[in-house]
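Observations on the model geometry
This is what each chain is made of:
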Protein chains: 2
Amino acid sequence: MAKPKIVMAGAGNVATHIAPAISFSGIGEVVQVYSWHIESAVALAAKIPGAKAVNAPAEIADDADIYLISVSDDAIASVVSALPKRDALYLHTSGSVGMEALAGLSERYGVFYPLQTFSKGVELDVRSVPLFVEGSSAAVEDQIREFASGLFGRVYHADSMTRKKMHISAVFACNFTNHLWSIAEELLRRDNLPFDVLRPLLVETLRKAFVNSPSASQTGPAARGDRRVIDGHLELLDGNEKEIYKLLSESIMASGGKG
Amino acid sequence: MAKPKIVMAGAGNVATHIAPAISFSGIGEVVQVYSWHIESAVALAAKIPGAKAVNAPAEIADDADIYLISVSDDAIASVVSALPKRDALYLHTSGSVGMEALAGLSERYGVFYPLQTFSKGVELDVRSVPLFVEGSSAAVEDQIREFASGLFGRVYHADSMTRKKMHISAVFACNFTNHLWSIAEELLRRDNLPFDVLRPLLVETLRKAFVNSPSASQTGPAARGDRRVIDGHLELLDGNEKEIYKLLSESIMASGGKG
């Protein structure tokens, strides 16, 4: 595959970031964007020189080298049934769907999962995103890596179980973390202080976590085993906030104040 | 106070950042650094043109306009007993000690609390740090604000109770968050993946939280009410990790998936 021809199936957040990046990096030529919503397909195709928008299965190119599926998990099966079955490489970008979902299309299929949260309208450097790949055979995985490595700086192997555990890690590191920020925002709001007062502290906490590792960077009352401060804080909290404060403090203390 | 003369009492992390910043910004002239550990005092004084290091109470200047105390909470009382009692302004930088700790020194005293985590050897732009102040009278608080505003970009009033609630917010937003990152690090380590694979995701999550507010940015299985994914994740966890996953998911769902 010198410069593979690619059909991008899907025009959502992930597709909107990776399809133009694939074309502009030169690792592939996105010839079509396929989506049921022709408006979305047109909007994405407009960002990719030479790409055409299509919304009917019959119009999908039957001479592509790679069919790249990036739709919501629930929609993968429908897209699979719409694609032509050929000796091409079929990939999906989902972290939680097994690669077997593509097994009926070809002998060459796999997963192409970028670990990042994408939003339309927010520019991101795709090259900095870690990519996790799995292929239907060692040779196929090599093809996927060869294709991806010209764009993504870091490409890792990850099977279904590893992707699942990675997802759990991301839930802790991002979704739960964001919820704690919401709680902090609410606590500050009650004192008429903007969440933004925590920004320098948060940026520095994140920086330290990556310089030293989070477990080595743990600070605060629980890390010091300071029961007096912990009890004083618990007195001012109730409901879920109190339960969360208690459980996380106990967990920090149980891990020797080291996270 | 055109350009107040300042005695910096303490040579720890906070003092090491704010004393040079005070001198270089021109808001004050740090004439002495006082610390029991003469080596620390010498090291900090060396960073401030014209500042002298002292470690004996008798050597502390009795003609300063401001005595700025930045030592560990437990050491404040000892430093107070060592300082000359004069008609000067006495300030401490602690978030958790009341300003009354300084009441025996003068009628003019207060709190000068920068909300940031400082580490020696890590450069920080002090101007971006929010400063929380409280004065023994309205006139004194005005003096503190006038002095501080030439260096700190944002100066807020905060009494003891507000500082305590701010500290609780920071525990949620930074200490607990860091603990969740430690858990993610440990989960990834079991699959031989570096914590660094989460960096782009974390940086983007933090960025979104400040663009839209964290409560508006909540994503993930609990925010979608996706019990199937949540149960699948819980099966792979145990101990504190499982309890934390459960409680935080419930809390996200209870807040309508909005943090």
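Predicted model, so just to flag it, every value in this text is computed and none were measured.

1. Description of the confidence of the model for chain A
In this model, chain A carries an average pLDDT of 94, and 98% of its residues clear a pLDDT of 70 or more. Predicted as a complex, the structure gets a pTM of 0.87 and an ipTM equal to 0.87.

2. So, the packing of helix H10 (residues 239-254) of chain A against helix H10 (residues 239-254) of chain B
Close contact between H10(A) and H10(B) brings their axes to 10 Å; oriented N to C, the two are set at 160 degrees. One element, H10(A), and the other, H10(B), form an angle in the roughly antiparallel class. Crossing of H10(A) against H10(B): the hand is left-handed. Contacts between H10(A) and H10(B) involve Asn240(A), Glu243(A), Ile244(A), Leu247(A), Leu248(A), Ser251(A) and Ala254(A) from the first element and Asn240(B), Glu243(B), Ile244(B), Leu247(B), Leu248(B), Ser251(B) and Ala254(B) from the second. Along the lines of polarity and charge, the residues of the contact of H10(A) with H10(B) split into eight nonpolar, four polar and two charged.

3. Regarding the relation of the copies chain B and chain A
For the pair chain B and chain A, the relating rotation is 180 degrees, the translation along its axis is 0.0 Å, and the fit reaches an RMSD of 0.1 Å. Here the copies are linked by what is in effect a two-fold axis. Measuring from the rotation axis to each C-alpha of chain B, the shortest distance belongs to Thr177(B), at 2.6 Å. A share of 100% of the interface residues of chain B reappears at the interface of chain A, consistent with the copies meeting face to face through the same patch.

4. A look at unusual backbone geometry
Residues and elements named next belong to chain A. The backbone of Asn 192 sits at a positive phi, close to 60 degrees, despite the residue not being glycine. Positionally, Asn 192 belongs in the loop between helix H5 (160-189) and helix H6 (199-212). According to the relative accessible area criterion, Asn 192 is exposed, its value standing at 70%. Unusually for a residue other than glycine, Ser 213 sits at a positive phi of about 85 degrees.

5. Description of the sheet that holds strand S2 (residues 29-34) of chain B
Residue and element names in this part refer to chain B. Spatially, eight strands are ordered S3-S2-S1-S4-S5-S6-S7-S8 in an open sheet, and the strand pairing comes out mixed. Strand pairing shows two members of the sheet lacking a second neighbour, strand S3 (52-54) and strand S8 (154-157), which therefore form its edges. The sheet shows a mean angle of 25 degrees between the axes of neighbouring strands, direction not considered. Here five bridges tie strand S1 (residues 5-9) to S2, and the two strands are oriented parallel to one another. Paired with Val 7 across the bridge in S2 is Gln 32. Each of S1, S2 and S3 is contacted by helix H2 (residues 38-45), which is oriented at about 170 degrees to S3, the strand it contacts most.

6. Some details on the pairing of strand S5 (residues 89-92) of chain B
Residues and elements named next belong to chain B. Burial along S5 is two-sided: the face carrying Leu 89 and Leu 91 and the face carrying Tyr 90 and His 92 are both buried. The parallel pair strand S4 (residues 66-69) and S5, bridged by helix H3 (residues 76-82), forms a crossover whose chirality is right-handed. Pairing analysis gives three bridges linking S5 to strand S6 (residues 109-114), with the strands arranged parallel. Across the sheet, residue Leu 91 finds its bridge partner in S6, namely Gly 110.

7. Notes on the packing of aromatic side chains
Under the definition given, this model contains 18 aromatic pairs over all chains. For the ring pair Phe172(A) and Phe176(A), a centre distance of 5.3 Å and an interplane angle of 80 degrees mean the geometry is edge-to-face. Within this pair, Phe172(A) and its partner Phe176(A) are both found in helix H5, separated by four residues, close to a single helical turn. Relative accessible area serves as the criterion here: at 0%, Phe172(A) is assigned to the buried category. A centroid spacing of 5.0 Å and a plane angle of 10 degrees characterise the contact between Tyr67(B) and Tyr90(B), whose relative ring orientation is stacked. In this pair, Tyr67(B) is assigned in strand S4 and Tyr90(B) in strand S5, connecting sequence segments 23 residues apart.

So, how was this worked out
Residues numbered from 1 in each chain as written. Chains lettered and ligands numbered in written order. Predicted model: local features only at pLDDT ≥ 70, side-chain atom pairs only at ≥ 80, totals over all residues. Heavy atoms only, no water. pLDDT = per-residue confidence, 0-100. Axes fitted to C-alpha atoms, helices over the stretch in contact; angles between N-to-C directions. Helix = DSSP H or I, 4+ residues; strand = E, 2+ residues; numbered from the N terminus. Parallel < 35°, antiparallel > 145°, perpendicular 65-115°, else oblique. Left-handed = near helix turned anticlockwise from the far one by under 90°. Contact = heavy atoms within 4.5 Å. Nonpolar A, V, L, I, M, F, W, Y, C, P; charged D, E, K, R; others polar. Least-squares fit on C-alpha atoms with pLDDT ≥ 70 in both. Buried < 20%, exposed > 50% of the residue type's maximum accessible area, 1.4 Å probe, protein only. Pairing = 2+ DSSP bridges. Right-handed = clockwise from strand over helix to strand, strands pointing away. Phe/Tyr/Trp six-rings, centres within 6.5 Å; stacked < 30°, edge-to-face > 60°.

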